[in-house]
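# Architecture at a glance
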Amino acid sequence: MDVVSTTRPPMSTAPTLARRLNEWGLLLGLIGAVIGFIAGYALGSGAISNFYGGGGEPTSLGSDPGILLGYAMSALGFLTGMGFLNYPIGRLLGVKRPTEEDNAYLHGEGGGLGRYFRMTTDHKVIGMQYMVMILAFLFIGGLGAMFIRTELLTPVPSVANAQSYLTLVGLHSTLMIFMASAAIIGPFGNYFVPIMIGTRNMAFPRLEALTFWLLPPAGLILLSTVFLGGFTTGWTGYAPLADQNVLGMDSYLMGFALIGLSIGLSGLNMIATILTKRAPGMPLSRMPIFVWSVLVTSFLGALASPALIAAVLMEMFSRTYQATFFIPAGGGSPYLWENLFWFFGHPEVYIFVVPAFGLIMEMLPVFTRKPLWGYRVGVGGMVGVGLLSFVVWQHHLFTSGLAPSLRPFYMFSTEMISVPTGIIYLVSLGTLWRARTRFSTPMLFIFAFFFNFLIGGFTGVFLSDVPSDFSLHASYFVQAHFHYTIMGGEVFALMGAIVYYLPKMTGRTMDIKLLRYQFWAVFITFNGTFISLIAVGILGMPRRAISYAAYLQPLNDSASIFALALGLSMALFLGILIWEVVIKQRVAALNPWESLGVEWQVPTPVPMFNFDRLPVSWSLPYDYDTGKPAADFGPAVPALSGA
Amino acid sequence: MRNRATATRVVLIVWLVVAVVGDVALAFGPIPPGQASDLASSESLVILLLAEIAWPVFSGVLAALFFTLVINRMAPPTAEVSADALRGNTRVQTIWIATTLVIVLSLAVYGTVALAIDQPGAGISTTSASLPAPASQDQPLEVQVIAQQWWFTYRYPTYGGIETAQLVLPVNQKIQFHITSLDVIHAFWFFALGVKADAVPLNDNVVTATPTEIGTYRVQCSELCGLWHGNMADNTAMVVSTSDFAAWIQQQTALDGPIMKYLPPYSHTYTGTNLPQPGVYAP
């Protein structure tokens, strides 16, 4: 049942130049990337390094200026080829505006699989693109984790050497950070926010497409580090170790710069969309709670990512222009990197988890058949988390020696975070209170989220308190803590949301009975892994160490065996997903969870511009007591604002 | 409804038992990092207290989740809509937020007090003078920890600034660690003493602790510092009696004698040599 928008006459057969360019975008993009890399590499290593004689010690693989300029121009070439500059340059040169047909084509009209492989301004296509990309990142990053745990079966180096081990640690962590910053806001934020707020597209659709198409170059550039010797700094990239590193460090820096750009631009687009494009009758106080979580997250991304971009640019300058921002002997300070990095890094972890809060609270009323309990206080909780997240970053530096007199403040502000996160639990408990809960598979993932995130939160208390942090800092306790929040929290919410939203996004569903076994496997192995690692950390094992004290081996082995089983269970999820949705194509019901959400009332597949007439919002979509729809989908007077 | 009341009581009792048994077990169990120094004892105490508070709350939230999910729910859905339309309750919300705030504030106050007692004068120091020889055990003995890729060396300024590869400390003597680095950021982690402090080039990070138990311990680097970070560990750090310490110092002074003139004069920070210098590209 293909629903085609009826507002436009069928397309003419003769495509314009703009459309042709768009059609071949991915190929042109790849050509652009190659040309860009060669040109940048030649310019960087030839003209800058060697011609002026300042080239330091170029290795057989090149020099930092060559690699960095190559990466930058390759990303630029890729995006140019994809067609991101067509519109601005066309406008600059005064070329005729793209026709309505060009724009419709850009939006994905005509359908087909091809639109997923080119620059598309349809937020639903972009959501699906994000989904595939983050699953790919999750898979590759997960493989890295399996290698790490295999290596840690023995207390001395076994399958890896020190350099490849640290590169694996760096790749796993950085790739997972890339994945986690977009895991929920990318697929579900892009796909559902415009539908939930009742509009036809984003405020900046081209910018939205750009935020996605920055991910493939970022991921590939990061992975290319294996050809350049890898990097030994982990995802935190501390200087001056970063200044010591070989060329592989440049991959980390450029990859992170592109991801930072993507996070920031995505934030700006979402903020503009949510603040300006809501359906008539939808004040901020009537927005679905998931949209609120996206709004909070977007502010975090837009405000925090500039600090990251500044930091990696400074490090790039250090490695090329001899700017010694972080080298004490040159008048710099390693603390500068730590502060810039964590000023981004702490809001970043809430960029991971606040959308998960939103999703959980969005799904709970559906499965409890009750209104969301305490909507306003829930929104307040997420806003509170967002505000606090900017004033806690020094807790990553409690042992650094920095500003001891400020430690009590940062201890206080960090502990304060448990108040707004506690509110999320209160809202959830209130919603579950005397409910007719349906124990469906997404609901299982929601419970797991509460359980895991509770452990994540309580381990966080020990790290926020300075005296106990002195013992636990930089140990596996920290590692287990953030895996409990990011993997146990965000990734479990992501898996639940995939099961929940897949019927709407693809019109297909997974075998939710089979998924129950997968759920218990992944839940048990996850907890087995990270409870072992909490114990390892309390007993004094530092993170990122390839060798450890012999007395820690039993616990490490337990973690490793659980982790390998966890990897299999995660792969099983991916396997079921691919088997059921791509191969078997099990058809889903139109609204399998009987949700009142606006996103479930539009047809599947969602029409090109979502709504023929913009809906008029009546209420929050949680009125399960009366079953009252959230919006008027066929208002007598067409709403004023257009696409 | 009678069954529900009974089940509610069962959950409450189970929670109480779990909470009490857990807390009692925690109180009697060994809490890392242990009692080998005043600092470690204080950290263990903080960890224990946090755990004592956290465990009942943690199990309580789980019990509440279990209660709402399994016991306090309506019959399986028969109708399309639910009978209960609770949309919020200001009193419950206020009580919840107030309770969490009180817990958090008391934790923060306690942590601040513990910090003030444990760590006076901790953190980056800018003094260049080293401490005089301690006249009593309450006056600190200065010991410098120099981190570099990938080992630690130690200097004892009160004993002529001798440099050693092994860390040996006198028991029951207040030690003031001065931690610095020659190249990248490291962290000095003496787990048993509860000492963990970053070693930052050209910075002097100070931590004070009094070892109270004689023994042989492990020290290791806890900040990723490059290739052999995982092997930057040493199982031979020792806390010894005062007389053993004096003998060890004598022995080390004799060993160091011929090379003392090559050592840089004792200082709280040193300019490293194996860092990229200004004017030179990173490799």
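Residues numbered from 1 in each chain as written. Chains lettered and ligands numbered in written order. Predicted model: local features only at pLDDT ≥ 70, side-chain atom pairs only at ≥ 80, totals over all residues.

## Description of the overall build of chain B
What counts is decided by this rule: Only runs of H or I of at least four residues qualify as helices and only runs of E of at least two qualify as strands under DSSP, and these elements are numbered from the N terminus. Field definition: a residue is buried when 20 or more other C-beta atoms are found within 10 Å of its C-beta, exposed when 12 or fewer are, and partly exposed for counts in between, with C-beta atoms placed from the backbone.
Counting its secondary structure elements, chain B contains four helices and 11 strands. With respect to the principal axes defined by its C-alpha atoms, chain B has extents near 90 × 50 × 30 Å. By residue count, 38% of the 283 residues in chain B fall in the buried class.

## A look at helix H7 (residues 162–182) of chain A
Condition: Here the expected length of a helix is defined as 1.5 Å per residue gap, with one fewer gap than residues.
The first and last C-alpha atoms of H7 of chain A sit 31 Å apart over 21 residues, in line with the 30 Å expected at 1.5 Å per residue. In terms of residue burial, H7 of chain A counts as a mostly covered element, since 18 of its 21 residues are buried.

## Here we look at the sheet that holds strand S10 (residues 215–221) of chain B
Residues and elements named next belong to chain B. Our working rule: Here, strands pair whenever DSSP counts at least two bridges between them. Orientation is described by lines fitted to C-alpha atoms, with helices fitted over the stretch in contact, and by angles between N-to-C directions that extend from 0 to 180 degrees. In this description, a residue-residue contact is defined by the distance between C-beta atoms placed from the backbone, which must lie within 7 Å.
Spatially, the five strands line up as an open sheet ordered S5-S11-S10-S7-S8, and their pairing is mixed. Here the strands that pair on one side only, and so sit at the sheet edges, are strand S5 (168–170) and strand S8 (195–199). Between one strand and the next, the sheet's axes are offset by a mean angle of 25 degrees, whatever the strand orientation. Here helix H4 (residues 242–256) sits on the sheet and contacts S5 and strand S11 (233–240); the angle it forms with S5, its principal contact strand, is near 140 degrees.

## Notes on the sheet that holds strand S4 (residues 162–164) of chain B
Residue and element names in this part refer to chain B. On the basis of which strands lie adjacent, the open sheet formed by six strands has the order S1-S9-S6-S2-S3-S4 and mixed pairing. The strands lining the two open edges of the sheet, one partner per strand, are strand S1 (123–125) and S4. Between one strand axis and the next, the sheet turns by 35 degrees as a mean value, whatever way the strands run. Where strand S2 (residues 141–148) meets strand S3 (residues 151–156), five bridges bridge the pair, whose relative direction is antiparallel. Pairing of Ala 147 across the sheet is with Phe 152, part of S3. H4 contacts S3 and S4 of the sheet and is inclined by roughly 100 degrees relative to S4.

## Quick word on the nonpolar core
The criterion, for reference: Connectivity within a nonpolar core runs through C-beta atoms within 7 Å, and the core itself is a set of buried Ala, Val, Leu, Ile, Met, Phe, Trp, Tyr and Cys residues.
Formed by 269 residues in total, the largest nonpolar core has its most connected members in Met 179, Val 291, Ile 360, Phe 449 and Ala 493 of chain A together with Val 145 and Phe 188 of chain B. Ranked by residues supplied to this core, first place goes to helix H14 (residues 334–368) of chain A with 21 residues. In this structure, Met 179 of chain A is in contact with Ile 134, Phe 137, Leu 138 and Gly 141 of chain A, ignoring residues within four places of it in sequence.

## As for the domain arrangement of chain A
Residue and element names in this part refer to chain A. Worth spelling out the cut-off: The start and end points of each domain follow an automatic or database-based domain assignment. Lys, Arg, Asp and Glu make up the charged group, whereas Ala, Val, Leu, Ile, Met, Phe, Trp, Tyr, Cys and Pro make up the nonpolar group; the residues left over, Gly among them, are polar.
Taken domain by domain, chain A holds domain 1 (40–99) and domain 2 (121–632). Taken over C-alpha atoms, the centre of domain 1 sits 31 Å from the centre of domain 2. With 15 residues of domain 1 in contact, the opposing surface of domain 2 contributes 13 residues. Residue contributions to the side of domain 1 that touches domain 2 peak at 10 residues, all from helix H3 (residues 64–82). Here the side of domain 1 that touches domain 2 is composed, by residue class, of 12 nonpolar, two polar and one charged.

## Overview of the domain arrangement of chain B
It is common to give the size of an interface as the accessible area that goes away when the parts come together. All names here are of chain B. Here the domain parsing of chain B yields domain 1 (2–73 + 92–118) and domain 2 (124–262). Distance from the C-alpha centre of domain 1 to the C-alpha centre of domain 2: 37 Å. Counting residues at the interface gives nine residues for domain 1, matched by 11 residues for domain 2. When the residues that make up the side of domain 1 that touches domain 2 are grouped by side-chain class, the tally is four nonpolar, three polar and two charged.

## Description of the interface of chain A and chain B
Contacts between chain A and chain B engage 82 residues on the former and 82 residues on the latter. Top contributing element to the side of chain A that touches chain B by residue count: helix H17 (residues 418–432) of chain A, with nine residues. Of the residues belonging to the side of chain A that touches chain B, the class tally is 43 nonpolar, 25 polar and 14 charged.

## With respect to the pairing of S3 of chain B
Residues and elements named next belong to chain B. What sits between the antiparallel neighbours S2 and S3 is a turn of two residues. Pairing of S3 with S4 involves three bridges; the strand directions are antiparallel. Considered in S4, the bridge of Arg 155 is made with Glu 163. Hairpin geometry of S3 and S4 is characterised by an intervening segment of five residues between the two adjacent antiparallel strands and by a positive phi of about 80 degrees at Gly 160.

## Some remarks on H3 of chain A
All names here are of chain A. Across its 19 residues, H3 extends 27 Å between first and last C-alpha, which sits within 8% of the 27 Å expected from 1.5 Å per residue. Burial within H3 is extensive, with 16 of its 19 residues counted as buried. With its phi angle positive at about 105 degrees, Gly 83 sits one or two positions after the end of H3.

## Looking at unusual backbone geometry
Cis rather than trans, the peptide bond between Thr 604 of chain A and Pro 605 of chain A has omega equal to -10 degrees. Along the chain, Pro 605 of chain A turns up in the loop between helix H23 (598–601) and strand S1 (616–617). Cis geometry is adopted by the peptide bond preceding Pro 33 of chain B, which originates at Pro 32 of chain B and carries an omega value of 0 degrees. When you line up the elements, Pro 33 of chain B lands in the loop between helix H1 (2–28) and helix H2 (38–71).

## Side note on the packing of H17 of chain A against H2 of chain B
As a reminder, the rule being used: By definition in this entry, angles of less than 35 degrees are roughly parallel, angles greater than 145 are roughly antiparallel, angles of 65 to 115 are roughly perpendicular, and the rest are oblique. Handedness of a crossing is defined here by the sense of rotation of the near helix relative to the far one, left-handed for an anticlockwise turn of less than a right angle and right-handed for a clockwise turn.
At a minimum axis separation of 9 Å, H17 of chain A and H2 of chain B run at an interaxial angle of 25 degrees. Judged by the angle between their axes, H17 of chain A and H2 of chain B are roughly parallel. The interaxial crossing formed by H17 of chain A with H2 of chain B has left-handed handedness. Taking contact as the criterion, the partners of Tyr 425, Leu 429 and Leu 432 of chain A in H17 of chain A are, on H2 of chain B, Val 61, Ala 64, Leu 65, Thr 68 and Leu 69 of chain B. Across the contact of H17 of chain A with H2 of chain B, the residue classes tally to seven nonpolar, one polar and no charged.

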